[in-house]
Amino acid sequence: MASLPAVPQATFLDPIASPPLALRGTPPASSPDALLELLAQAGAAPRVVEATGTWLMRRESEHTRTAYAKDASWWLAWCAAAGTNPASARPLHTDQYDAALRDSGLAKSTRARRLAAASSWYDYLVRAEVAERNPFLGMDRPSVSADDSPTRGMSPAQLAALLTYARERESARTYALLVLLSTTAARIGSVLDARAGSLGQDKGHRVIDLTTKRNRQKRFVLVPLAVEALEMYLAERGEVGSEEWLFVTSTGRPVDEPAAFRTVRRVAKAAGIPHADQLSPHSLRHSYATALLSKGVPLADVQDAMGHADPRTTRRYDRAAGALDRSPSYKMQEEITKAMAALPTT
């Protein structure tokens, strides 16, 4: 088989202004368009920019495309700071990049994700015949297990404190967002991507349809606690069209993930939760699983609610008939409500 033509170094990406080597914080590119602009400004060949755009567009979910763009941009930032041209990068450079990620104090899961994104990018550039090789191919990546998760959860009592504070001191939007995350275990990206028309009913249950990983649609039960919070928030907004974003800012723009991240930490700190500075929207999802499993809710039911993996084929029929009736979200509301009632009155 004939080898692919080599890509001249100067036509791929010339060195860009060197950023700090601390590879954490705000990513160099915060969206797919920003990544393409970064490449173009750095002198990447048009065919590289075009191939990169196609690589991103192959991901069906907008949030997945954004995540890949952010992760890939860190590799470009490191190359710029190290004076390494991505077109001529070798395995030695990718190992040095991994070491820099580690030295920046990043979790194994974050390092593994960034390395996988950069490797995926090169794989596609090779396939599109605009890069000669993938320097990440065959490298040893951080081994990640469930025990490596850096996510910090909260106890039902801490969730109760968080939601009580939000209900009494925060906006109806903030309270509704936190209740929805706490009682559904939905991913923050799915919730922020929801439209008002996603709300509905099914077999006597109030539900919300969200887009999950791999662009799939999943129906979540809305327990009365969440229904009440959402109705209060939507009543405050006034008339809302079905195609409008469910959670919007005062200017009508959709709430983004960084804002949600800041909100969780700010409200948690105000509510007196000791490890508030270590929390994130994913902490509410984490707390959902740990609280329910500790109360004896069947693992299969929690696994279904979390969407971690498809259940066995023999469970599909049973789930179709009674998944909403059996949703552990009702048990989650019970735990939160009991803890809220036990809090001292102010």
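Residues numbered from 1 in each chain as written. Predicted model: local features only at pLDDT ≥ 70, side-chain atom pairs only at ≥ 80, totals over all residues. Heavy atoms only, no water.

Caption draft 1: The arrangement of helix α4 (residues 62–82) in detail. For α4, spanning 21 residues, the distance from its first C-alpha to its last is 31 Å, which sits close to the expected 30 Å at 1.5 Å a residue. Backbone geometry just downstream of α4 places G83 in the positive-phi region, at approximately 70°. (Helix = DSSP H or I, 4+ residues; strand = E, 2+ residues; numbered from the N terminus. Expected span 1.5 Å × (residues − 1).)

Caption draft 2: Local environment of the pattern of salt bridges. In total, this model carries 13 salt bridges according to the counting rule given. Residue R266 pairs with E170 through a salt bridge whose shortest N-O separation is 2.8 Å. You can see R266 sitting in helix α11 (residues 257–270) and its partner E170 sitting in the loop between α7 (156–169) and α8 (172–184), a full 96 residues away along the chain. Salt bridges here are not isolated pairs; linked through shared partners, they connect K331, E334, E335 and K338. (Salt bridge = Lys/Arg side-chain N within 4 Å of Asp/Glu carboxyl O.)

Caption draft 3: Spatial organisation of the sheet that holds strand β2 (residues 205–211). In space, the three strands of this open sheet follow the order β1-β2-β3, with antiparallel pairing throughout. In the strand order of this sheet, the two ends are held by β1 (199–202) and β3 (217–221), each with one partner. Direction aside, the axes of adjacent strands within the sheet are offset by 45° on average. Bridge count between β1 and β2: four bridges; the pairing is antiparallel. What sits directly across from D202, in β2, is H205. (Pairing = 2+ DSSP bridges. Axes fitted to C-alpha atoms, helices over the stretch in contact; angles between N-to-C directions.)

Caption draft 4: Representation of the environment of A128. Inspection of the secondary structure puts A128 in the loop between α6 (108–127) and α7. Sequence separation between A128 and A51 is 77 residues, and the spatial gap between their C-alpha atoms is 6.7 Å.

Caption draft 5: Seen up close, the packing of aromatic side chains. Counted according to the given criterion, the structure contains ten aromatic pairs. Consider the rings of W75 and F136, whose centres lie 4.9 Å apart with planes at 75°: the pair is edge-to-face. Of this pair, W75 sits in helix α4 while F136 sits in the loop between α6 and α7; the two residues are 61 residues apart in sequence, bridging distant segments of the chain. The exposure classification of W75 matches that of F136, with both residues buried. In textbook terms, an aromatic cluster arises when at least three aromatic residues are bridged by ring pairs, as seen for W75, W78, Y97, W121, Y122 and F136. Just above the ring of F220 sits the side chain of K218; from NZ or CZ to the centre is 5.4 Å. (Phe/Tyr/Trp six-rings, centres within 6.5 Å; stacked < 30°, edge-to-face > 60°. Buried < 20%, exposed > 50% of the residue type's maximum accessible area, 1.4 Å probe, protein only. Lys NZ or Arg CZ within 6 Å of the ring centre and 35° of its normal.)

Caption draft 6: Inspection of the confidence of the model for the chain at higher detail. Taken as a whole, the chain shows an average pLDDT of 83; of its residues, 83% reach a score of 70 or greater. Confidence drops under a pLDDT of 50 for residues 1–20, and excluding neighbours within four residues, the segment shows 46 contacts in the predicted structure. (pLDDT = per-residue confidence, 0-100. Contact = heavy atoms within 4.5 Å.)

Caption draft 7: Region of the structure containing unusual backbone geometry. Here the phi dihedral of E129 falls at roughly 65°; this positive angle occurs in a residue that is not glycine. Here E129 shows up in the loop between α6 and α7.

Caption draft 8: Just helix α3 (residues 46–57), in detail. Helix length check: α3, at twelve residues, gives a terminal C-alpha distance of 16 Å against a target of 16 Å (1.5 Å per residue), a fit within 8%. Turning to α3, its buried residues number three or more, namely V48, V49, A51, T52, G53, W55 and L56.

Caption draft 9: Quick peek at the packing of α8 against helix α10 (residues 224–237). At their nearest, the axes of α8 and α10 sit 8 Å apart, and the two run at 155° to each other. Classified by the angle between their axes, α8 and α10 sit roughly antiparallel to one another. For the pair α8 and α10, the sense of crossing is left-handed. Facing A172, R173, Y175, A176, V179, L180 and T183 of α8, the residues of α10 in contact are L225, A226, A229, L230, M232, Y233 and E236. The residue makeup of the contact of α8 with α10, split by class, is eleven nonpolar, one polar and two charged. (Parallel < 35°, antiparallel > 145°, perpendicular 65-115°, else oblique. Left-handed = near helix turned anticlockwise from the far one by under 90°. Nonpolar A, V, L, I, M, F, W, Y, C, P; charged D, E, K, R; others polar.)

Caption draft 10: Up close: the nonpolar core. Ranked by size, the top nonpolar core spans 54 residues in total, and within it L162, L177, L178, V191, I208 and F247 carry the most contacts. Among residues more than four places away in sequence, those in contact with F247 are R173, A176, L177, L180, V191, L192, L230, Y233, R237, R253, P254 and V255. By size, the runner-up hydrophobic cluster in this structure holds 34 residues, among which are V49, A72, L101 and L115. (Core = buried A, V, L, I, M, F, W, Y, C linked by side-chain atoms within 4.5 Å.)

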